[in-house]
Amino acid sequence: SSQNLCCFIMNGELVTKQVKQRTESCRRYRIASRILLTVLSFSLSSSSSYHLQSVTATPTTAPMSRSVIAASLKSALRASSVTGRTLCPRRSPFSTNQPYSAFMPSLFRSHRLFPSASRPARGLVTVPKMSAPAEMSDEEKYIFDLNGYIIIRGVFTPEEVAEANSSIDRHLDQMKERTDPALRNTKAGSPLRGDETKGRKDLGGILEWGEDSKIFKRVLAHERLVPYQTALLGKGFRMDHMPYVIAQEEGSEGFHLHGGTVDCESGVYAPYLAYSCVAGQMHTQLLGCSVVLTDHNPGDGGFCVVRGSHKSNFRAPADMVHGSSHSEFVTQPVTAAGDVILFCEGTVHGALPWKGKAQRRLALFRFAPAFLAYGRSYMDERGGRWPDGMYEGLSDAQAAILEAPYANRLDRPNIEEDGSVVVTSRNEKKKQWDRTVFGTKYF
């Protein structure tokens, strides 16, 4: 006989039950039920309330037609939209290092569905709390290579977005507005200037607020982001620059176009921002990571980009930089709170004046390959460390992101696909040779 999985939604819990069928039609049902389980697993989150109804897979001895399978899938998709999750087809929910019993311990202990607390019984499916892609898909690689940026939808839940905004609200007294003419980001009288009175607001220290920093520290080694960062920066990637919050009020100025592999202003090649793709491997020297904390609707303004400019061989025209010409080539991506924009700093980008009624907010991080650095804050008076408060409460994976720049082979912690951390190193004889020749641990 074959084994199938039948799923029921009961008070927000996904329960699996073994059902035996002795007919050949079970094969089709098994495929359909696994598709349904895959879709449903992506909609699960530890911080969400689930109100999924009428989403069941019922065993049947009748052959399942394509229309029946399609109907089941559509039903699951409608249910998954309740949580606002984006489906991630590259990751299978059937492989995880966490036992299913970790998510519903009381249920499994009482019913003894698993013979062991650490290993599911054979034939049962392990469904993770939230699925993430194991790697960047070929489609996503094409999109990034084409445009110089990519939007990862729904990385943070509405609850997490609210937590981040609440943390910001408690530190509003530390937010600084760029009012000095020397600090303004736009040219006076240019279309990007806004109402000419309001400057952009910056808020630093977001990883040094103790409990209020927890949500921002989630950005470090986030399971939804690591596959993209690894594909674009390589293993051992690190945080570069101090992260901070950017805010704009209605009428606030934007930011003139800047960046570019060929610098917008000087016209000189900028290797520290450059993008390349060699033998199918993308290389980004500096990756912007914009965590969107308010909705950006069409025409609201905010982040804008010149698509494909990361591969341009000429600098942008001065009038275009200041918003006076060629605006048809400047795109304002539409994003929702919780989305994340990953963009190559070699892609010409900027910000449009903010027209939204509510304050615009985002948290901006930047990441670099293991062996490269642009910023130098981590070196100032601390012997190669970031401010002490940044290290409070970090996991091993998050701490690995704060490492100083050096090559992977020199005992650098790398984040693996399953979220574990592995130190990459040379053999012991080479290490001892360095001590003998140089008198130091590393060359």
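You'll find the structure just up there.
Just so we're clear, the structure is a prediction, and the values are computed from it rather than from any experiment.

Cut-offs used in this document
- Residues numbered from 1 in each chain as written.
- Predicted model: local features only at pLDDT ≥ 70, side-chain atom pairs only at ≥ 80, totals over all residues.
- Heavy atoms only, no water.
- Phe/Tyr/Trp six-rings, centres within 6.5 Å; stacked < 30°, edge-to-face > 60°.
- Helix = DSSP H or I, 4+ residues; strand = E, 2+ residues; numbered from the N terminus.
- Buried < 20%, exposed > 50% of the residue type's maximum accessible area, 1.4 Å probe, protein only.
- Pairing = 2+ DSSP bridges.
- 1 Å grid on protein atoms, 1.4 Å probe; cavity = no way out; pocket = protein on both sides within 12 Å on 5 of 7 lines; lining within 4 Å.
- Points joined across faces, edges and corners; volume = space filled by probe spheres on them.
- Nonpolar A, V, L, I, M, F, W, Y, C, P; charged D, E, K, R; others polar.
- Polar contact = N/O pair within 3.5 Å; in protein donor to acceptor, adjacent residues only side chain to side chain.
- Contact = heavy atoms within 4.5 Å.
- Salt bridge = Lys/Arg side-chain N within 4 Å of Asp/Glu carboxyl O.

Digging into the packing of aromatic side chains
Move 1: Evaluated as defined, the whole model comprises 6 aromatic pairs.
Move 2: Arranged with centres 5.6 Å apart and planes meeting at 65°, the rings of Tyr272 and Tyr374 form a pair that is edge-to-face. Of this pair, Tyr272 sits in the loop between strand 7 (255–258) and strand 8 (275–278) while Tyr374 sits in the loop between strand 15 (360–368) and helix 9 (396–401), and the two are 102 residues apart along the sequence.
Move 3: For Tyr272, a relative accessible area of 43% gives the class partly exposed.
Move 4: Relative accessible area serves as the criterion here: at 47%, Tyr374 is assigned to the partly exposed category.
Move 5: Ring centres 5.1 Å apart and planes at 45° place the aromatic pair Phe303 and Phe343 in the tilted group.

A few points about the pairing of strand 10 (residues 287–292)
Move 1: The buried fraction of strand 10 amounts to 6 of the 6 residues, a majority that puts the element mostly inside the structure.
Move 2: Note: strand 10 against strand 15, 6 bridges, orientation antiparallel. Paired with Cys289 across the strands is Phe365, a residue of strand 15.

What about the sheet that holds strand 10?
Move 1: Strand order in the open sheet made by the 7 strands is 3-13-10-15-6-5-4, with antiparallel pairing throughout. Both outer strands of the open sheet, strand 3 (149–152) and strand 4 (176–177), are each paired with one neighbouring strand and no more.
Move 2: As defined by bridge partners, strand 6 (residues 238–248) adjoins strand 15 across 8 bridges and the pair is classed as antiparallel. Within the sheet, the bridge partner assigned to Arg238 lies in strand 15 and is Ala368.

Quick word on the layout of surface pockets
Move 1: As a volume, the second largest pocket reaches approximately 490 Å³.
Move 2: Around the second largest pocket, the lining comprises 28 residues; the ones closest to its centre are Phe255, His258, Glu345, His349 and Arg366.
Move 3: Among the elements of the structure, strand 6, strand 7, strand 14 (349–352) and strand 15 are those that each provide at least two residues to the lining of the second largest pocket.
Move 4: The residue inventory of the lining of the second largest pocket, partitioned by class, reads 13 nonpolar, 8 polar and 7 charged.

Observations regarding the side chain of Asp212
Move 1: Tracing the backbone through its elements, the reader meets Asp212 in the loop between strand 5 (201–203) and helix 6 (214–217).
Move 2: Only 2.9 Å separates the side chain of Asp212 from the side chain of Arg170, close enough to count as a polar contact.
Move 3: Side chain to side chain, Asp212 and His171 meet in a polar contact 2.9 Å long.
Move 4: Not counting residues up to four positions away in its chain, the partners in contact with Asp212 are Ser167, Arg170 and His171.

Observations regarding unusual backbone geometry
Move 1: Of note, the phi angle at Glu196 is positive, near 75°, even though the residue is not glycine.
Move 2: Here Glu196 shows up in the loop between strand 4 and strand 5.
Move 3: The backbone of Asp411 shows a phi angle near 65°, a positive value even though the residue is not glycine.
Move 4: Considering the arrangement of structural elements, one finds Asp411 in the loop between helix 9 and strand 16 (412–415).

Structural notes on the pairing of strand 6
Move 1: Most of strand 6 sits inside the fold, with 10 of its 11 residues counted as buried.
Move 2: By the bridge criterion, 3 bridges tie strand 5 to strand 6 in an arrangement that is antiparallel. Bridging across to strand 6, Lys201 finds its partner in Ala247.

Things to note about the environment of Thr230
Move 1: Assignment of secondary structure puts Thr230 in helix 7 (residues 226–233).
Move 2: Spatially, the C-alpha atoms of Thr230 and Met136 are 8.6 Å apart, while their sequence positions differ by 94 residues.
Move 3: Setting aside residues up to four positions removed in sequence, Thr230 forms contacts with Lys235 and Phe237.

Structural notes on the environment of Val161
Move 1: Residue placement: Val161 occurs in helix 5 (residues 158–169).
Move 2: Note on Val161: relative accessible area 8%, which makes it buried.
Move 3: Sequence spacing of Val161 and Ala337 is 176 residues, and the spatial spacing of their C-alpha atoms is 6.8 Å.
Move 4: Apart from residues no more than four positions distant in its own chain, Val161 is found in contact with Phe156, Leu293, Ala337 and Gly338.

Remarks on the pattern of salt bridges
Move 1: Taken as a whole, this structure holds 22 salt bridges when the rule is applied.
Move 2: Taking the shortest distance from any N to any O, the salt bridge between Asp145 and Lys311 comes out at 3.4 Å. Of the two residues, Asp145 sits in helix 4 (residues 138–147) while Lys311 sits in the loop between strand 11 (302–306) and helix 8 (318–321), which places them 166 residues apart along the sequence.
Move 3: A single network of salt bridges, built from pairs that share partners, joins Arg184, Arg193, Glu196 and Glu253.

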